[in-house]
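# Residue-level structural notes
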Amino acid sequence: MWVSWAGKGTLINNLKKEKLDLYIPLSYKTRPKREFEKDWVDAYFISRQDFEKAIENNEFLEYAIVHWKEYYWTKYDDVIKNGIDLWKIVIKEIDILGLKKLIKQKPELRPFYTTIFLNIPVEKLRERIQKRWEFILEEQLKLREQSAIMEEKEARKYCDYMLDATLDPQTIKDQVVQIIKAKIKK
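Read on for an overview of the structure. (Residues numbered from 1 in each chain as written. Predicted model: local features only at pLDDT ≥ 70, side-chain atom pairs only at ≥ 80, totals over all residues. Heavy atoms only, no water.)

Turning our attention to the environment of Y28. The residue Y28 is located in strand β2 (residues 28-29) in this model. For Y28, a relative accessible area of 11% gives the class buried. (Helix = DSSP H or I, 4+ residues; strand = E, 2+ residues; numbered from the N terminus. Buried < 20%, exposed > 50% of the residue type's maximum accessible area, 1.4 Å probe, protein only.)

The following block contains the structure:
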């Protein structure tokens, strides 16, 4: 679990370098691919029609409309059949709305996952977005900030861990590795 622009991509890339047997399934997204993203590498970018077919076929573990306009989705088989059922350590980025659906609709899975939220103050979020998106509209920026405030509030209710996303990437990665190793020992 994490807010946009909190450093999740950096964290995932750093975790891939660890000597842990991690499985990191990709998300499905209806939003357009960004110039620095690669389809089937960073995510599966699909049409709304394909997304709606997947809903009809009950293929999702969770999904949500993120930032009031685009669908983000986790495929059931990607996490359960290809991860948890094979006793792999699954690292999966999901939105707080998707987490709430997962908790409500699949309570039997709760013992099998731990939630970590990368928390970032709104001021720092604004700074990071403006660095990456030179031409973001003020209205879009405000929506992102409102979303981040709501996500933090909800994460305090639903997440097991809240990590400070303003720390350096190595420290954040080390904290996540400690959480993973503690869960493995149980």
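This next bit is on the sheet that holds β2. Reading across the sheet, the four strands line up as β3-β2-β5-β4 and stay open at both edges, with mixed pairing between neighbours. Here the strands that pair on one side only, and so sit at the sheet edges, are β3 (44-45) and β4 (60-66). The strands that helix α2 (residues 48-56) touches are β4 and β5 (70-75); relative to β5, the one it contacts most, it runs at about 45°. (Pairing = 2+ DSSP bridges. Contact = heavy atoms within 4.5 Å. Axes fitted to C-alpha atoms, helices over the stretch in contact; angles between N-to-C directions.)

Attention now moves to helix α4 (residues 96-105). Restricting attention to buried positions, one finds in α4 the residues I96, G98, L99 and L102. Down the axis of α4, the buried side of the element spans an arc of 155°, and every buried residue falls inside it. Those residues of α4 that are buried are in contact with β4 and α6 (138-158). (Arc of directions from axis to C-beta.)

Moving on, we get to the environment of M150. Within the secondary structure layout, M150 lies in helix α6. M150 sits in the partly exposed class, given a relative accessible area of 31%. Remark: the alpha-carbon pair of M150 and R48, spanning 102 residues in sequence, is separated by 25 Å. If we ignore the near neighbours within four places in the chain, the residues touching M150 are I96 and L97.

Note that all results are geometric; they support no functional claim without further evidence.
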